[in-house]
Amino acid sequence: VHQYTDDLEYAQDCYYKLAFEGYRVCRDEAHLYAFCDILHFEMLKEIFAEAGWTVWKTPIIWSKGSTGHSPRPEYGPKRTYEAILFANKGSKRIEKLGSDVIISQSVYSGDKLHAAEKPKELLATLAGWSFLPGSHLLDPFCGSGSLFPAIHSLGITAVGIELDEKNVGIARDQ
């Protein structure tokens, strides 16, 4: 269960702000990873490109293993993957080459601190592709802060932004 608005209109507004404000506040050379529904990937590519980002033309796919979402299980399969939009500001090179399909088991629902929590291993993988020790990272939708312990051993510093006060407290404890 989550406490945030979960509809397409609100999501579009958040992505639009992320694209334009993110481009404004990031260094001249920066990477961006945005988790999204595969059904909205093309629309998001256009938003981020309009903001000035160079968007990788296909998504990175996070394969969650056997866990997934099935809104109508009696009519079709569950979706066990999520899309990740990758974008570049300037000409920032990657630090490590990885596959466009990442297999990382989703956080078990009984262990989740936030409804959209991502596994630490996945976040560490993505951070390792783009950041060196001493780098600074911004997570503008940090939720319960699973990014912080994920990047600690990589020597990366992060700043998180979160609206939900309960999650702010959880993130601070990470």
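Note that residues are indexed from 1 along each chain, following the sequence as it is written. It should be noted that, the model being predicted, local features are given only for residues of pLDDT at least 70 and side-chain atom pairs only at 80 or more, the latter also being counted only at that level, while totals for whole chains, interfaces and linings use all residues. Side-chain descriptors were evaluated using all non-hydrogen atoms of the structure, hydrogens and water having been removed beforehand.

1. Quick notes on the pairing of strand β7 (residues 157-160)
We count it as follows: At least two DSSP bridges between two strands are needed for those strands to be called paired. Put simply, DSSP marks the helices as runs of H or I at least four residues long and the strands as runs of E at least two long, and each gets a number from the N terminus on. Orient the strands so they point away from the viewer, and a crossover whose first-strand-to-second-strand path over the helix runs clockwise is right-handed.
Two elements, strand β6 (residues 136-139) and β7, share 4 bridges in a ladder whose sense is parallel. Note on β7: the bridge partner recorded for His-136 is Thr-157. In the classification by handedness, the crossover that spans β6, the intervening helix α4 (residues 147-152) and the parallel β7 is right-handed.

2. Structural notes on the packing of aromatic side chains
To keep things clear, this is the line we draw: Side-chain rings of Phe, Tyr and Trp (the six-membered ring for Trp) are treated as a pair once their centres are within 6.5 Å; stacked means planes under 30 degrees apart, edge-to-face means over 60, and tilted covers the remaining angles. Any residue under 20% of the maximum accessible area for its type is buried, any over 50% is exposed, and the rest in between are partly exposed; the area is computed with a 1.4 Å probe on protein chains only.
Counted according to the given criterion, the structure contains 4 aromatic pairs. Considering the side-chain rings of Tyr-16 and Phe-20, the 4.5 Å spacing of their centres and the 35° angle between planes classify their relative orientation as tilted. Here the residue Tyr-16 and the residue Phe-20 both occupy positions in helix α1 (residues 8-25), the gap between them amounting to 4 residues, near one helical turn. Take Tyr-16: its relative accessible area is 39%, and that puts it in the partly exposed class. Of the residues examined, Phe-20 reaches a relative accessible area of 26% and is grouped as partly exposed. Look at Phe-35 and Trp-62: their rings are 6.2 Å apart centre to centre, the planes differ by 85°, and that puts the pair in the edge-to-face class.

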